[in-house]
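For reference, the chains in residue letters:
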Amino acid sequence: MVSQKPPSEAGGPGDGPAGDAPRGAHARQLRKVTLSGLLGTVIEYYDFLIYSSMAALVFGDLFFPSLSPASSTIAAFGTLAAGYVARPLGGLVFGHFGDRLGRKSMLMVTMALMGVASFLIGVLPTYGSIGIAAPLLLVLLRVVQGVAVGGEWGGAALMVVEHAGSRRRGMWAGIMQLGSPLGSLLSTLVFTLVSLLPDDSLHSWGWRLPFLVSALLLMVGLYVRLRVVESPVFEEAIARTSAERRPKAPALQVLRNPRALVPACAAGIGPFALTALISSHVIAYGKSIGYDVSDIARALLLVACVGIVCIPLFSTWSDRIGRRKVSLIGAAGAVVYAVPLYALINTGSVVLMTIGLMFAQVLQNLMYASLAPMLSEMFGTTVRYTGISLGYQLASLIGAGFTPLLASALVAGTGGSSLPLSGIAAVAALITVGAIWRIAETRGRDLTRDPAAVSLAEVSGHGIEVALADRPER
């Protein structure tokens, strides 16, 4: 392998004093920005995971009652996939305007769209009331959700990363990404409570309650987001670059030179696929092999708690040893663990299933924790929102969007075998291994400079290294 050396730790403008921990007013603003990103990510994961849980539990019966149980579950997961298909579109739209107009204004729109779409799903009539219009409206609202989420994560990540100091960028991004396990924990807690309802109550009104909770989350999130300021790195880039020289279409610039976009996308496929398998599909699979839904829900509560500890820990660790090493440890571990994971689930023991899912979450967090700082450090400021949104959301689509649908179809087609599920987890993790292997270490890179191309091999006293060139932004 070609040896790779992390870039300098020196910070640039907007990175905090000397690239280290920011002080005073900037520190207070950084905390507000991080809280804003955290709340947005909580809403994002809550909305998407509560939808996937309800798709596995009741949506097949409520919106596709004329199909067989297996077919209705597959159809319900198809509506889940529709939201993931829309996410790259949201990344394109909000990335374009976020790179042209600013991060903050786009984040206000994405949060409002996410909350409103989820609330409307909660009041949507079912097939029994309005017939075929019900699943069509469900798909439409799911697409709106997907478009909003497509722009949310990239903007939230950038607001935190571009406010933070270069030496602690991972730490602050890790706090923002706590929204993932917290949203998962909240959605699982709500799901656990409604799953305790009698079947009649659950199917008539109980399934609506988790979606209506989004309205409360939305109000809190918007209040906090109104109080943050624009990214200083973005403002500096706009100040020093004339309107004529800024990219008119950031997406075209990213797509014309995909050497950053392709590995950015591939790096996220492993963690997203594993998340889809151990958070949403495991509900349907666990039911099919005899587990009670309440037992699965309790297991998922503990899985979410693992993320609360591991994501900030591993993200901070990436500040010390590099983004690549942390991700590679998780991806290699996921390849090896793919078969043992389902061996533990298939024992029929709730304890062993829970242990298996919790360790899988540790590996997922190792792959996922450094994505926000790493992807942000791979793109220049004037295309960064578009670049990381496209990379992240394409990974989400490929890794998670179709995984529950594909997994359900493979399980049905193989008579209930779990081997295809292990295969999905292993192949997705191998893709992440290959991507991380190709990415030069980004830790500590100056965000005010443009890592737009891979330099020629540089010969040093320690051998040959390949690094992303830091070129002035155009």
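Residues numbered from 1 in each chain as written. Predicted model: local features only at pLDDT ≥ 70, side-chain atom pairs only at ≥ 80, totals over all residues. Heavy atoms only, no water.

## Describing the packing of aromatic side chains
Here is step 1: Applying the stated rule across the entire model yields 14 aromatic pairs.
Here is step 2: Consider the rings of Phe63 and Trp207, whose centres lie 6.0 Å apart with planes at 85 degrees: the pair is edge-to-face. Of this pair, Phe63 sits in helix H1 (residues 24-63) while Trp207 is found in the loop between helix H8 (199-204) and helix H9 (209-212), placing the two residues 144 residues apart along the sequence.
Here is step 3: With a relative accessible area of 0%, Trp207 lands in the buried category.
Here is step 4: Here the aromatic rings of Phe272 and Tyr392 are separated by 5.0 Å at their centres, their planes lie at 80 degrees, and the arrangement is edge-to-face. (Phe/Tyr/Trp six-rings, centres within 6.5 Å; stacked < 30°, edge-to-face > 60°. Helix = DSSP H or I, 4+ residues; strand = E, 2+ residues; numbered from the N terminus. Buried < 20%, exposed > 50% of the residue type's maximum accessible area, 1.4 Å probe, protein only.)

## Some details on the packing of helix H13 (residues 261-288) against helix H20 (residues 419-438)
Here is step 1: Interhelical geometry of H13 versus H20 gives an angle of 160 degrees and a closest axis separation of 6 Å. The pairing of H13 with H20 is recorded here as roughly antiparallel in orientation. Seen from above, H13 lies across H20 with left-handed handedness. The residues of H20 that touch H13, namely those facing Pro263, Ala266, Ala267, Gly268, Ile269, Gly270, Pro271, Ala273, Leu274, Leu277, His281 and Tyr285, are Leu421, Ile424, Ala425, Ala428, Ala429, Ile431, Thr432, Ala435 and Ile436. (Axes fitted to C-alpha atoms, helices over the stretch in contact; angles between N-to-C directions. Parallel < 35°, antiparallel > 145°, perpendicular 65-115°, else oblique. Left-handed = near helix turned anticlockwise from the far one by under 90°. Contact = heavy atoms within 4.5 Å.)

## Digging into the environment of Arg103
Here is step 1: Structurally, the position occupied by Arg103 is in helix H3 (residues 103-122).
Here is step 2: Not counting the four nearest positions on each side in its chain, Arg103 is found in contact with Gly98, Leu158, Met159, Glu162, Glu230, Ser231, Phe234, Thr381, Arg384 and Tyr385.
Here is step 3: A polar atom in the side chain of Arg103 sits 3.2 Å from the backbone oxygen of Gly98. (Polar contact = N/O pair within 3.5 Å; in protein donor to acceptor, adjacent residues only side chain to side chain.)

## Side note on helix H15 (residues 323-345)
Here is step 1: Under the 1.5 Å per step criterion, the end-to-end length of H15 is 31 Å for 23 residues, consistent within 8% with the ideal 33 Å.
Here is step 2: The principal kink in H15, of about 50 degrees, is found at Tyr337, preceding the proline Pro340 by one to four residues. (Expected span 1.5 Å × (residues − 1). Bend = angle between axes of the 7 residues up to and from the residue.)

## Comments concerning a nonpolar patch on the surface
Here is step 1: A cluster of nonpolar side chains, contributed by Val116, Phe119, Leu120, Val123, Trp205, Leu209 and Leu212, occupies part of the molecular surface with about 570 Å² of accessible area.
Here is step 2: Here the element with the most residues in the nonpolar patch is H3; it accounts for three residues.
Here is step 3: With respect to the helices and strands, Leu209 occurs in helix H9. (Patch = residues over 30% accessible without salt bridge, like charges linked within 9 Å, V, L, I, M, F, W, Y side chains within 5 Å. Areas by Shrake-Rupley, 256 points an atom, 1.4 Å probe, with all protein chains shown as cover. Salt bridge = Lys/Arg side-chain N within 4 Å of Asp/Glu carboxyl O.)

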